[in-house]
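Secondary and tertiary structure notes
Each chain is listed here by its residues.
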Amino acid sequence: MNSQEQPSWIRSLIKSNSNNEQLEFWRFVNIAYICSKSGMPESEMIKFKNIVTDNNTSYLVFVQDNRTKLYQDLEKNPKAELCWFFPLTREKYRIKSKIIRISKKDFADNKPEAKFFLEELKKVWDSLDKEEKKGFAELKPGTKTEEKLSKAHDDINDYNNPDKIEISENFALIFVDAFEGICFLLNQ
């Protein structure tokens, strides 16, 4: 799909990303979803990685740990809305979407329709730096900071080389298949 075939809001989003990338936090996006236990809306921050296209569908790709409550809740209800603010250009995007979750366990299923997503999983894993990869081997997300600090470190934890290991069992991607995207320009 060439850029002219993409919806106009995706072309605008690509431009907004480019215009705000000097800010360290521009990749963090708020996702609202429904909690599977309470049925109430919840909200989390997720980290944007890139935009990919398969069969004329553009997907926003986000890095996620499959042990998180968010990842589990999206299995039960794969609909979500993203809200992304770009402070330098004063733009806000609201993106209503269906979510596709992919992790290493999907490799075992050998589903032909998952081939594109699994290839992207490997590409993104390979693009992560050592510290990012290490995060998927640490304690479960949501663990209190005090618990993390009290965790005993040994030579394996401190000096292992995540660059050499295969994709972590905990590493996952969220593919956002948007069915509506709106861009707002906020006034000063």
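The structure presented is a predicted model; accordingly, all values stated were derived computationally and were not measured.

Describing the overall build of the protein
- When its secondary structure is counted, the protein shows seven helices and six strands.
- For the protein, the N- to C-terminal ordering of α and β elements is α-β-β-β-α-β-β-α-α-α-α-α-β.
- Classification of the 188 residues of the protein by burial places 37% in the buried group.
- For the protein, restricting intrachain contacts to residue pairs at least 6 apart in sequence, the fraction spanning at least 24 positions comes to 68%.

Examining the packing of aromatic side chains
- Under the defined criterion, the tally for this structure stands at 14 aromatic pairs.
- Ring plane angle 90 degrees and centroid distance 5.1 Å describe the contact between Phe136 and Phe171, whose orientation is recorded as edge-to-face. Of this pair, Phe136 sits in the loop between α5 (130-135) and α6 (145-150) while Phe171 is found in strand β6 (residues 171-185), placing the two residues 35 residues apart along the sequence.
- On the accessibility criterion, Phe171 (0% relative accessible area) is buried.
- Members of the aromatic cluster, each reached through a chain of ring pairs, are Trp26, Phe48, Phe62, Trp84, Phe86 and Tyr93.
- Against the face of Phe184 rests Lys92, its NZ or CZ located 5.3 Å from the ring centre.
- The aromatic ring of Tyr71 is capped on one face by Arg101, whose charged end is 4.1 Å from the ring centroid.

With respect to the sheet that holds strand β4 (residues 79-86)
- One closed barrel accounts for six strands, arranged β1-β2-β3-β6-β5-β4; its pairing is antiparallel. Strand after strand, the sheet turns through a mean of 45 degrees between neighbouring axes, direction not considered.
- Strand direction decides the pairing type here: strand β2 (residues 41-54) and strand β3 (residues 57-65), joined by seven bridges, are antiparallel. Bridge pairing links Ile51 to Leu60 in β3.
- Of the strands in this sheet, β2, β3, β4, β5 (91-103) and β6 touch helix α1 (residues 8-20), which is tilted by about 100 degrees from β5.

Structural notes on the pairing of β5
- Pairing of β4 with β5 involves eight bridges; the strand directions are antiparallel. Bridged to Trp84 within β5 is Tyr93.
- Between the antiparallel neighbours β4 and β5 lie four residues, among them Arg90 with a positive phi of about 55 degrees.

A few points about the pattern of salt bridges
- Summed over all chains, the structure comprises 13 salt bridges.
- The shortest N-O distance in the salt bridge between Lys115 and Glu119 comes to 3.8 Å. With a gap of four residues between them, Lys115 and Glu119 both fall in helix α4 (residues 115-127), about one helical turn apart.
- By relative accessible area, Glu119 is classed as partly exposed at 39%.
- A salt bridge links Lys122 to Asp126; its shortest N-O distance comes to 3.0 Å. With a gap of four residues between them, Lys122 and Asp126 both fall in helix α4, about one helical turn apart.
- With a relative accessible area of 45%, Asp126 lands in the partly exposed category.
- A cluster of three or more residues bridged by salt bridges with shared partners is formed by Glu42, Lys69 and Asp73.

A short note on the nonpolar core
- Judged by nonpolar contacts, the single largest core of 25 residues is most densely connected at Phe62 and Trp84.
- Of all the elements in the fold, those that place two or more residues in this core are α1, β1 (28-34), β2, β3, α2 (69-76), β4, β5 and β6.
- What Phe62 contacts, discounting residues up to four positions off in sequence, is Val29, Ile46, Lys47, Phe48, Lys49, Leu82, Trp84, Ala172, Leu173, Ile174 and Val176.
- Within the second largest apolar cluster, 19 residues are counted, among which are Val52, Val124, Trp125 and Phe175.

The rules behind each value
- Residues numbered from 1 in each chain as written.
- Predicted model: local features only at pLDDT ≥ 70, side-chain atom pairs only at ≥ 80, totals over all residues.
- Heavy atoms only, no water.
- Helix = DSSP H or I, 4+ residues; strand = E, 2+ residues; numbered from the N terminus.
- Buried < 20%, exposed > 50% of the residue type's maximum accessible area, 1.4 Å probe, protein only.
- Contact = heavy atoms within 4.5 Å.
- Phe/Tyr/Trp six-rings, centres within 6.5 Å; stacked < 30°, edge-to-face > 60°.
- Lys NZ or Arg CZ within 6 Å of the ring centre and 35° of its normal.
- Pairing = 2+ DSSP bridges.
- Axes fitted to C-alpha atoms, helices over the stretch in contact; angles between N-to-C directions.
- Salt bridge = Lys/Arg side-chain N within 4 Å of Asp/Glu carboxyl O.
- Core = buried A, V, L, I, M, F, W, Y, C linked by side-chain atoms within 4.5 Å.

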